[in-house]
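Remarks on the overall topology
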Amino acid sequence: MELTIEQLKEKINEYKKKLSVKVVAHHYQRDEVFGIADITGDSLELAIKTKEDDSEFVVFCGVGFMGQSVKILSPNKRVVMPKAACCAMAKMIDGMQFDASIKALNDSGVTSENILPITYINSNADVKAKVGQMGGMVCTSSNAKKIITTALKEGKKILFVPDRCLGQNIANQMGLKSCVIGDGTNPADADIICFNGFCSVHQLFTVDDISFYRKKYPGILIAVHPECDPAICDAADFVGSTSQLINFITELPQDQKVAVGTEFNMVNRLRPKNTYVLSSTKPECPTMNETTLKDVYDVLKSIDEGEPLNEIQIDANTQKWAKIALERMLAL
Ligand code: 13P
Ligand code: SF4
């Protein structure tokens, strides 16, 4: 017989008491999964808070690159994913495509010695390792500007992967010149050269959506994630990571209306009133939504039975270089 939601929650809590385990969930998880988590946050906070915790197992409710980041920073922990979900943006680049991008830049006259790669944390371990090997580092949506400011001090061109929108948004904020590989611009003329990756969920928000809300509710604020297109970020009142958005919105006066451009589950939990989703289409991240309470229960049961499901494994060389790239970011 299938267990009800309440029964699943009860059993999950029993396993949490019995096992040396922490359930970790990103803000985009479904409400019922988010509600049973011990640690929640944006991708940077999850990697840091989990590193500081001493449980043997981490049950990571999110997407693959986030679970990998925990494993890379805390190699002695055993990280299991209730669902082997993968971020669609992270999947847009692998190690071979990273090498091909370097070659394309070399062919257009930008030498490897003159390139400092930065990878958004939304990338797989092999890409982080390539970046680490070239002297580069990782950034997240909450610290991208700081990381790029520091990186530029080396006097090199930044190759930013995989999110073209985040790369272009930071370049716009800093008054720098950016291009996207293959857009016809000579990379030698740009300060930040972006790989052509993107998040399809954040591409749903349009300038028309912003005009619609501004017209309908004069005085409304628009708050968006930096994975949105530069035209959206330029027209918004606030741009920030998931946790930065939460802090900004929860501190607004109760009667201040706000329309938010990021994933639905998170926006829906924010405030009981005066908060709108900045799109007529429900912006759900399909892979974030895959994880269910039943999956969390199944994975805890598998740990208890001594055969953990979906355990993250990373080969030693990838682990070493990806850790260097992540730790360069944390050092800042
Ligand atoms: P944050 O780092 O802001 O949590 O974002 C992760 C993400 O995947 C947004 O789409
Ligand atoms: Fe990846 Fe976009 Fe989903 Fe974030 S919302 S996990 S970037 S696919």
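What comes next is a walk through the structure. All figures in this text were calculated on a predicted structure; none of them were measured in a lab. (Residues numbered from 1 in each chain as written. Chains lettered and ligands numbered in written order. Predicted model: local features only at pLDDT ≥ 70, side-chain atom pairs only at ≥ 80, totals over all residues. Heavy atoms only, no water.)

Moving on, we come to the overall build of the protein chain. Helix and strand counts for the protein chain come out as 14 helices and 13 strands. Taken over C-alpha atoms, the radius of gyration comes to 20 Å for the protein chain, in line with the 20 Å a tight globule of 332 residues would show. Seen along its three principal axes, the alpha-carbon backbone of the protein chain occupies a region of about 65 × 55 × 30 Å. Per-residue burial for the protein chain yields a buried fraction of 54% across its 332 residues. Pairs at least 24 residues apart make up 63% of the contacts formed inside the protein chain by residues separated by at least 6 positions. Only carbon and sulfur atoms are counted for the fraction: they give 50% of the accessible area of the protein chain, which is about 14,200 Å². Side chains of the protein chain carry 37 positive and 42 negative charges; the gap between the two charge centres is 2 Å. (Helix = DSSP H or I, 4+ residues; strand = E, 2+ residues; numbered from the N terminus. Rg over C-alpha atoms; globule rule 2.2 N^0.38 Å. Buried < 20%, exposed > 50% of the residue type's maximum accessible area, 1.4 Å probe, protein only. Contact = heavy atoms within 4.5 Å. Areas by Shrake-Rupley, 256 points an atom, 1.4 Å probe, with all protein chains shown as cover. Lys, Arg positive; Asp, Glu negative; His and termini not counted. Charge placed at Lys NZ, Arg CZ, Asp CG, Glu CD.)

Turning to the site of ligand 2, a few remarks are in order. Lining the immediate surroundings of ligand 2 are Tyr-28, Val-63, Cys-87, Ala-88, Asn-122, Cys-199, Val-201, Glu-227, Cys-285 and Met-288. Here the shell around ligand 2 is composed, by residue class, of eight nonpolar, one polar and one charged. (Near = heavy atom within 4 Å. Nonpolar A, V, L, I, M, F, W, Y, C, P; charged D, E, K, R; others polar.)

So, about the site of ligand 1. Around ligand 1 sit His-26, Tyr-28, Asp-42, Ser-43, Asn-122, Ser-141, His-202, His-225, Glu-227, Ser-241 and Thr-242, and those are all the residues in its vicinity. A distance of 3.1 Å separates an oxygen atom of ligand 1 from a polar side-chain atom of Asn-122. Within the complex, the protein chains bury 96% of what would otherwise be the 300 Å² of accessible surface of ligand 1. Taken together, the residues of the shell around ligand 1 break down into one nonpolar, eight polar and two charged. (Polar contact = N/O pair within 3.5 Å; in protein donor to acceptor, adjacent residues only side chain to side chain.)

Taken as a whole and assessed by the stated rule, the structure comprises six aromatic pairs. Ring geometry for Tyr-15 and Tyr-297: centres 6.1 Å apart, planes at 40°, overall tilted. Highlighted residues: Tyr-15 in helix 1 (residues 5-18) and Tyr-297 in helix 13 (residues 293-304), separated in sequence by 282 residues. Here Tyr-15 matches Tyr-297 in class, with each residue buried. With 4.1 Å between their ring centres and 0° between their planes, Phe-238 and Phe-248 make a pair best called stacked. Note that Phe-238 is positioned in strand 11 (residues 238-239) and Phe-248 in helix 11 (residues 242-250), a separation of 10 residues in sequence. The exposure class of Phe-238 is partly exposed, given its relative accessible area of 22%. With relative accessibility at 23%, the residue Phe-248 sits in the partly exposed group. Through a chain of ring-to-ring contacts, the aromatic side chains of Phe-212, Tyr-213, Tyr-217 and Tyr-276 assemble into a single cluster. A cation over an aromatic ring shows up here: Lys-257 above the ring of Tyr-217, its NZ or CZ 5.0 Å from the ring centre. Taking NZ or CZ as reference, Lys-282 lies 4.6 Å from the ring centre of Phe-264, over its face. (Phe/Tyr/Trp six-rings, centres within 6.5 Å; stacked < 30°, edge-to-face > 60°. Lys NZ or Arg CZ within 6 Å of the ring centre and 35° of its normal.)

Attention shifts here to the side chain of Asn-274. By the secondary structure assignment, Asn-274 is in the loop between helix 12 (264-270) and strand 13 (275-277). Here Asn-274 is in contact with Gln-254, Asp-255, Gln-256, Lys-257 and Val-258, once residues within four sequence places are set aside.

This part is about the sheet that holds strand 12 (residues 258-261). Taking strand neighbours across the sheet as the criterion, the four strands line up as 11-10-12-13 in an open arrangement whose pairing is parallel. Among the strands making up the open sheet, the edge pair consists of strand 11 and strand 13. Where strand 12 lies against strand 13, three bridges are found, and the strand directions are parallel. Looking at strand 13, one finds that Val-258 is bridged to Thr-275. (Pairing = 2+ DSSP bridges.)

Function-wise, these values are silent; they only describe arrangement.
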